[in-house]
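Below, each chain spelled out in residue letters.
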Amino acid sequence: MKFNTKTIQGGQKHEEATGSVIPPIFQTSTYKQSSFGVAQEYNYSRGANPTRTALEDSFASIENGTHGFAFSSGLAAIDCVLRTLNPGDEVIVGNDLYGGTYRMFTQLFQKYGLEFTYVDIDSGENILKEITERTKLVWLETPTNPLMKIADIEAICSAVKEVNVDILIAVDNTFATPYLQRPLDLGADIVMHSVTKYLGGHSDLLMGALIVKEAKLADELNFIQFAAGAIAGPMDSFLALRGIKTLHVRMQRHCENASAVASFLKKNPKIGAVYYPGLEDHPNHEVAKKQMKDFGGVVSFRLKDGSREATFKFLESIKFFTLAESLGGVESMVNHSATMSHASMPEEARLKIGITDSLIRLSVGIEDVEDLLADLEQALNH
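Below you will find a few notes about this structure.

Basis of the calculations
Residues numbered from 1 in each chain as written. Predicted model: local features only at pLDDT ≥ 70, side-chain atom pairs only at ≥ 80, totals over all residues. Heavy atoms only, no water. Helix = DSSP H or I, 4+ residues; strand = E, 2+ residues; numbered from the N terminus. Rg over C-alpha atoms; globule rule 2.2 N^0.38 Å. Buried < 20%, exposed > 50% of the residue type's maximum accessible area, 1.4 Å probe, protein only. Areas by Shrake-Rupley, 256 points an atom, 1.4 Å probe, with all protein chains shown as cover. Lys, Arg positive; Asp, Glu negative; His and termini not counted. Charge placed at Lys NZ, Arg CZ, Asp CG, Glu CD. 1 Å grid on protein atoms, 1.4 Å probe; cavity = no way out; pocket = protein on both sides within 12 Å on 5 of 7 lines; lining within 4 Å. Points joined across faces, edges and corners; volume = space filled by probe spheres on them. Nonpolar A, V, L, I, M, F, W, Y, C, P; charged D, E, K, R; others polar. Salt bridge = Lys/Arg side-chain N within 4 Å of Asp/Glu carboxyl O. Pairing = 2+ DSSP bridges. Contact = heavy atoms within 4.5 Å. Axes fitted to C-alpha atoms, helices over the stretch in contact; angles between N-to-C directions. Parallel < 35°, antiparallel > 145°, perpendicular 65-115°, else oblique. Left-handed = near helix turned anticlockwise from the far one by under 90°. Polar contact = N/O pair within 3.5 Å; in protein donor to acceptor, adjacent residues only side chain to side chain.

1. Structural notes on the overall build of the protein chain
Scanning the protein chain from N- to C-terminus turns up 14 helices and twelve strands. Against the compact-globule benchmark of 21 Å for 382 residues, the protein chain has a radius of gyration of 21 Å, which places it among compact chains. Projected onto the principal axes, the alpha-carbon positions of the protein chain cover approximately 75 × 50 × 35 Å. When the 382 residues of the protein chain are sorted by exposure, 54% land in the buried category. Carbon and sulfur atoms make up 52% of the accessible area of the protein chain, which totals about 16400 Å². Where the 36 positive side-chain charges of the protein chain centre and where its 48 negative ones centre are 2 Å apart.

What follows is the structure, encoded as structure tokens:
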């Protein structure tokens, strides 16, 4: 199956009882047992639910994995990965990452004995230099949130596995989606998604996903998912399945519109810097061209006037971009990273990686791009 077909049919089958083309919402907590001690696929919905199973099979299909897992949120999915580790284990992390992930690492799992080392992912050498005998996991975002850095997944995976084949490499693929890149094909062990974003695509659900290829790792993640219980419910699973069916057509428009927005901002005299891997002067442009089908729907930028007053004036003037925490919906959204998505990071840590008051992140939706450009123009001139 080609990718566009996989989003609609991958891992799916018609419901047996009625022939329903769409997997029904099995809104049930438990299932009738056929007899004492007889194993059956569905016993209790924390372990498995037919609607969630259909979704998890779809996850595996579109990421070229063998096993998919649906969680109650993206952070619940990350939590599951970290539960595979033990106190004293080390994790190497790209230093530009979602604020909620940073909060989980520093305020939760660090006190449980895990150690985290933050590096710039522009070069795989930065990762190799930090590997020790206690390193068990490398955590990558690419593109990163919010500065849109690109990690060379294939090069990093190859280099890390040469040092120690047992080090797991996990990639947060939320910004790119499997439409643009598939990390398992590039050597990663685990792919993570905030399904809340592009996979769901309509700002109407919270969910996380993990996808893997290796059976032993899948068994471990499956046990943690069952034992810890942070599973996705059937209604959200139904909505996510519906969203995935249009992922390919939505991502095409997201990418087209974001490219136009990035070009517009690049030429505007009131803009100090634009972060979008599709721009030729982006430091990781060549890596992005090699590993991604297109460059995504998120554009970050700084105003030339770097004051908080100028930034807030812009945010209060924009109309078609909704000021909101999230991204990846069909509607355009604008985020002020320092006070919203990365507010949980200490100011010193934010400034160290470049998240200043003048940094603005756009999630470019699928509206008519002329309206979006006109809105940016009026807000910049307000």
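More follows now that the structure is in view.
2. Looking at empty space enclosed by the protein
The tally for this structure, following the rule as stated, stands at one cavity of 30 Å³ or more. Of the volumes computed, that of the largest cavity is approximately 30 Å³. Contributing to the lining of the largest cavity are Gly94, Asn95, Asp96, Ile121, Glu141, Thr144 and Lys149. Its residues assigned to classes, the lining of the largest cavity shows one nonpolar, three polar and three charged.

3. What about the pattern of salt bridges?
By the definition in use, this model includes 14 salt bridges. For Arg134, the salt bridge goes to Glu115, with nearest N and O atoms at 3.1 Å. On the criterion of sequence distance, the pair formed by Arg134 in the loop between α5 (124-128) and β4 (135-141) and Glu115 in strand β3 (residues 115-119) is long-range, its members being 19 residues apart. Several salt bridges share partner residues, and in doing so they unite Glu90, Glu115 and Arg134 into one network.

4. What about the sheet that holds strand β8 (residues 271-275)?
What the five strands build is an open sheet, ordered β8-β9-β12-β11-β10; its pairing is mixed. The two strands at the open ends of the sheet, each matched to only one other strand, are β8 and β10 (322-323). Pairing geometry for strand β11 (residues 333-335) and strand β12 (residues 359-363), over three bridges, is antiparallel. In the strand pairing of β12, Val334 is matched with Leu362. Contacting β8, β9 (298-303) and β12, helix α10 (residues 247-267) runs over the sheet at an angle of about 15° to β9. Strands β9, β10, β11 and β12 of the sheet are contacted by helix α12 (residues 308-317), whose axis makes an angle of about 135° with β9.

5. Some thoughts on the packing of α10 against helix α14 (residues 369-380)
For the pair α10 and α14, the least separation of the axes is 10 Å and the interaxial angle reads 30°. With respect to α14, the element α10 is oriented roughly parallel. Here the hand of the crossing between α10 and α14 comes out right-handed. Two secondary-structure elements touch here, α10 through Asn257, Ala260, Val261, Phe264 and Leu265 and α14 through Val369, Leu372, Leu373, Leu376, Glu377 and Leu380. Each residue belonging to the contact of α10 with α14 can be placed in one class, and the counts come to nine nonpolar, one polar and one charged.

6. Some points on the side chain of Thr311
Tracing the backbone through its elements, the reader meets Thr311 in helix α12. Separated by 3.0 Å, the side chain of Thr311 and the backbone oxygen of Ser307 make a polar contact. Thr311 has contacts with Leu303, His336, Asp357, Ser358 and Ile360, leaving out every residue within four places of it along the chain.

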